[in-house]
Amino acid sequence: MKMKIAVIKGDGIGPEIVTEAMKVLDKAASVYGHEIEYRQVLMGGASIDAYGVPLTEETIAICKDSDAVLMGSIGGDTNTSPWYKLEPSKRPEAGLLGIRKALNLFANLRPAYLYKVLSDACPLKTEIAQKGFDMLIMRELTGGLYFGDRKTITENGIKKAIDTLEYTEEEIRRIAIKAFEIAGKRRKKVISVDKANVLDSSRLWRSVVNEVSKDYPDIELEHMLVDNCAMQLVKDPSQFDVVLTENMFGDILSDEASMITGSIGMLSSASLNDTKFGLYEPSHGSAPDIAGKNIANPIATILSAAMMLRYTFDLDKEADSIEKAVSDVLDEGFRTGDIYTEGTKKLSCSEMGSEIAGRIG
Ligand code: IPM
Ligand code: MN
């Protein structure tokens, strides 16, 4: 197969981790006889430095003309980076939100899985960690508070900031359908998370999810309030299979879920639209404090590349082999600094990439 992949290395540790994911993809392509054409484009801080804006029409056009986008992470230290002296619509994050919207990537899949050998790195009590967990957070990505009108005004000498939280039933329906479809291929359970005891948008969310569930009689549906969900995630994470939720709740809950896997450096993600196209990136940020030191964990990006092979290219065997290589490397005791525990072998970012690539095929 010939794959056309746009690559956004991004800022901070982005270039280091994407380089490792490309190393692994190249190995998989050579073992299984595929051809990859990479097209590197800029977005985020690197684009601001080059073009004065975080996202250009050219980047959007090249992404649209590709089968998929592989991305690292964008942004810098919000306290010290000059990017954060710019107005909010010109900052790196605006590029990320812009590209999600421009490519209509409404469904964000964030799998959180506890590898048995990493249960020591899991901050939960041993008896909880030992039960393990395997969940998929389905986060709505192009609506809600992130994309509603916002402004700061002054009324009678007092500043007032307004962010608007909107959802249409269509926006809810399309992500709910994806969640039920995917749950059908997993443990057949959807937990939909909202704040229906307070918010109208959540009450609409709940009623649309109930409607959609009627078409999926074999999938169990449960509704959970977001504050309770935050608690349940650390109390009994094994109860979750597919977690369906809106943009802001999904942002927060997926960071929490990633932490209980041992490290945020393990959590991959896929952002999908209605077609096979997708943008694949780790769920973590650009970690400017460790950038350029070759110590970042590339596993989340490598697992995101595996998701790309699975969801965009339908190459399940190739995706399986990357996922297996990751778990083999962990089983053999190799770790990056973030998941290192005594008695394991600490690797740099590039060494971890090479170890994984070396086990493919
Ligand atoms: C994420 C990130 C982004 C988000 C930021 C960088 C805008 O935290 O992908 O989770 O909030 O969506
Ligand atoms: Mn986030």
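Residues numbered from 1 in each chain as written. Chains lettered and ligands numbered in written order. Predicted model: local features only at pLDDT ≥ 70, side-chain atom pairs only at ≥ 80, totals over all residues. Heavy atoms only, no water.

**Regarding the overall build of the protein**
- Counting secondary structure elements, the protein contains 12 helices and 14 strands.
- For the protein, whose C-alpha radius of gyration is 20 Å, the value lies close to the compact-globule estimate of 21 Å for 361 residues.
- The principal-axis extents of the C-alpha atoms in the protein amount to approximately 60 × 50 × 40 Å.
- Taking all 361 residues of the protein together, the buried fraction comes to 53%. (Helix = DSSP H or I, 4+ residues; strand = E, 2+ residues; numbered from the N terminus. Rg over C-alpha atoms; globule rule 2.2 N^0.38 Å. Buried < 20%, exposed > 50% of the residue type's maximum accessible area, 1.4 Å probe, protein only.)

**Remarks on the pattern of salt bridges**
- This model, assessed by the stated rule, comprises 27 salt bridges.
- Across the pair K131 and D236 runs a salt bridge whose closest N-O atoms are separated by 3.5 Å. Linking K131 in helix α5 (residues 126-131) with D236 in the loop between α8 (226-235) and β10 (242-245), this pair joins segments that are 105 residues apart in sequence.
- On the basis of relative accessible area, D236 is assigned to the partly exposed category, the value being 22%.
- One salt bridge in this structure joins E170 and R173, with 2.5 Å as the shortest N-O distance. Of this pair, E170 and R173 both sit in helix α6 (residues 169-184), 3 residues apart, which is roughly one turn of that helix.
- Several salt bridges share partner residues, and in doing so they unite K2, K4, E37, R39 and D65 into one network. (Salt bridge = Lys/Arg side-chain N within 4 Å of Asp/Glu carboxyl O.)

**A short note on the domain arrangement of the protein**
- According to the domain assignment, the protein contains domain 1 (1-103 + 277-361) and domain 2 (118-130 + 143-263).
- Contacts between the two partners involve 7 residues from domain 1, matched on the other side by 6 residues from domain 2.
- Between domain 1 and domain 2, a total of about 760 Å² is buried, with carbon and sulfur atoms accounting for 69% of that surface.
- Interface area lost by domain 1 to domain 2 is led by L97, K101 and I339, which between them contribute 49%.
- Here domain 1 is connected to domain 2 by 0 salt bridges.
- Along the contact surface separating domain 1 from domain 2 lie 1 residue pair in polar contact (both at pLDDT 80 or more).
- Among the residues forming the side of domain 1 that touches domain 2, the class breakdown is 3 nonpolar, 1 polar and 3 charged. (Domains from an automatic or database assignment. Contact = heavy atoms within 4.5 Å. Buried area = accessible area lost by both parts, 1.4 Å probe. Polar contact = N/O pair within 3.5 Å; in protein donor to acceptor, adjacent residues only side chain to side chain. Nonpolar A, V, L, I, M, F, W, Y, C, P; charged D, E, K, R; others polar.)

**A short note on the side chain of D241**
- By the secondary structure assignment, D241 is in the loop between α8 and β10.
- At 2.7 Å, the side chain of D241 and the side chain of R186 are in polar contact.
- From its side chain, D241 meets the backbone nitrogen of K189 in a polar contact 3.3 Å long.
- Among all residues touching D241, those that are not within four sequence positions of it are D134, M135, L136, A183, R186, R187, K188 and K189.

**Points about the environment of L136**
- Relative to the helices and strands, L136 is located in strand β5 (residues 134-140).
- As for L136 and K23, which are separated by 113 residues in sequence, their C-alpha atoms are 26 Å apart.
- Beyond its immediate chain neighbours, meaning those up to four positions away, L136 contacts L109, R110, P111, I182, R186, D241, V242 and V243.

**Observations concerning helix α1 (residues 14-32)**
- Under the 1.5 Å per step criterion, the end-to-end length of α1 is 27 Å for 19 residues, consistent within 8% with the ideal 27 Å.
- Listing the buried residues of α1 in full gives G14, E16, I17, V18, E20, A21, M22, V24, L25, A28 and A29.
- The inward-facing, buried residues of α1 contact β1 (2-10), β2 (35-40), β3 (68-73), α10 (299-311), α11 (316-331) and α12 (349-358).
- A positive phi of about 75° marks G33, the residue just after α1. (Expected span 1.5 Å × (residues − 1).)

**Some words on the packing of α6 against helix α7 (residues 200-213)**
- In the contact formed by α6 and α7, the axes pass within 9 Å of each other and the chain directions differ by 45°. Comparing their axes, α7 and α6 come out oblique. In terms of crossing hand, the pair formed by α6 and α7 is right-handed. Residues E169, I172, R173, I175, A176, I177 and F180 of α6 touch α7, and the partners they reach there are L204, W205, V208, V209, E211, V212 and S213.
- In the contact of α6 with α7, the residues fall into 10 nonpolar, 1 polar and 3 charged. (Axes fitted to C-alpha atoms, helices over the stretch in contact; angles between N-to-C directions. Parallel < 35°, antiparallel > 145°, perpendicular 65-115°, else oblique. Left-handed = near helix turned anticlockwise from the far one by under 90°.)

**What about the nonpolar core?**
- One finds I5, L70, L109, M138, L244 and I356 to be the most contacted residues of the largest nonpolar core, which totals 64 residues.
- It is α10 that provides the largest number of residues to this core, a total of 8 residues.
- Each of two domains, domain 1 (1-103 + 277-361) and domain 2 (118-130 + 143-263), supplies a minimum of three residues to this core.
- In this structure I5 touches L25, I36, E37, Y38, R39, S66, A68, L70, M308 and F313, once residues within four positions along its chain are discounted.
- With 22 residues, the next largest nonpolar core counts F240, V243, F249 and A257 among its residues. (Core = buried A, V, L, I, M, F, W, Y, C linked by side-chain atoms within 4.5 Å.)

**A closer look at the state of the cysteines**
- With the rule as written, the count across this model stands at 0 disulfides.
- Its sulfur unpaired, C122 is 16 Å from the next cysteine sulfur, which belongs to C229. (Disulfide = S-S within 2.5 Å.)

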